[in-house]
Amino acid sequence: KQEVTQIPAALSVPEGENLVLNCSFTDSAIYNLQWFRQDPGKGLTSLLLIQSSQREQTSGRLNASLDKSSGRSTLYIAASQPGDSATYLCAVHSGGYQKVTFGIGTKLQVIP
Amino acid sequence: EPEVTQTPSHQVTQMGQEVILRCVPISNHLYFYWYRQILGQKVEFLVSFYNNEISEKSEIFDDQFSVERPDGSNFTLKIRSTKLEDSAMYFCASSPPGSSNQPQHFGDGTRLSIL
């Protein structure tokens, strides 16, 4: 059974800082891994999708890496802004070919 | 960009009542899913649906739950006799045809409150 863990659970940083969010998963036989953003009481906004054959994906100030063999992914946010404040969820697509397993998320607060 | 849309955004229902949550997936997508998120907890997979039948379901998806694609555009989740613990945010998702590497696109969710 796939388990997804995210560390840290919460993070508070001053504006402008670069930061790294971590995700680990127990079953390395994955199809892909997605990072989502969730604002309080809102839906899931897809940020980056990394296919199992890829090592990283970039979108603007975001960079996600994937090390499938060690069961880890990181989300790097450069030059953080107050608007980046949200919960970031890691989700792994594996197992039954349609099932996505989510981590509980990292709650990020960027202080102006 | 095409979106998955869910209605209503918030549903309040008395315990024991039936509730139907509605979703309109992206038009050319063939795979459909429901997830739920109890407040403060992880997003959990409920069920996936393809070719007019359930292809996978979790242990959460018991006999109280059912899904249906009544026409060419809607995808619904029905809870027959709601319990207090069914209170959660319910997310619908869809993915396009092709390999299992296709990403799932999520709606904004329906907040279900059981009184």
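Residues numbered from 1 in each chain as written. Chains lettered and ligands numbered in written order. Predicted model: local features only at pLDDT ≥ 70, side-chain atom pairs only at ≥ 80, totals over all residues. Heavy atoms only, no water.

(A) Fine view of the sheet that holds strand S1 (residues 4-7) of chain A. Residues and elements named next belong to chain A. Sheet architecture is open: 5 strands sit in the order S1-S3-S8-S7-S6, paired in antiparallel fashion. Both outer strands of the open sheet, S1 and strand S6 (56-59), are each paired with one neighbouring strand and no more. The mean angle between the axes of side-by-side strands here comes to 15°, regardless of whether they run parallel or antiparallel. Where S1 meets strand S3 (residues 19-25), 4 bridges bridge the pair, whose relative direction is antiparallel. Counterpart to Ile7 in the pairing with S3 is Asn22. (Pairing = 2+ DSSP bridges. Helix = DSSP H or I, 4+ residues; strand = E, 2+ residues; numbered from the N terminus. Axes fitted to C-alpha atoms, helices over the stretch in contact; angles between N-to-C directions.)

(B) Inspection of the interface of chain B and chain A at higher detail. Contact residues are listed per partner, giving 24 residues for chain B and 23 residues for chain A. Taking both sides of the interface into account, the surface hidden between chain B and chain A amounts to around 1900 Å²; carbon and sulfur atoms contribute 52%. Connecting chain B to chain A are 0 salt bridges. For the interface between chain B and chain A, the tally reads 3 residue pairs in polar contact (both at pLDDT 80 or more). Put simply, the parts of the chain that give the side of chain B that touches chain A at least two residues each are strand S4 (31-37), strand S5 (43-50), strand S6 (53-57) and strand S9 (88-95) of chain B. (Contact = heavy atoms within 4.5 Å. Buried area = accessible area lost by both parts, 1.4 Å probe. Salt bridge = Lys/Arg side-chain N within 4 Å of Asp/Glu carboxyl O. Polar contact = N/O pair within 3.5 Å; in protein donor to acceptor, adjacent residues only side chain to side chain.)

(C) Broad picture of the sheet that holds strand S1 (residues 5-7) of chain B. Residue and element names in this part refer to chain B. Spatial strand order, S1-S3-S8-S7: 4 strands in an open sheet with antiparallel pairing. Each edge of the open sheet is held by one strand with a lone partner, namely S1 and strand S7 (65-68). With direction set aside, neighbouring strand axes in the sheet form an average angle of 20°. With 4 bridges joining them, S7 and strand S8 (residues 75-79) adopt antiparallel strand pairing. When the bridges of S8 are listed, Ser66 appears paired with Lys78.

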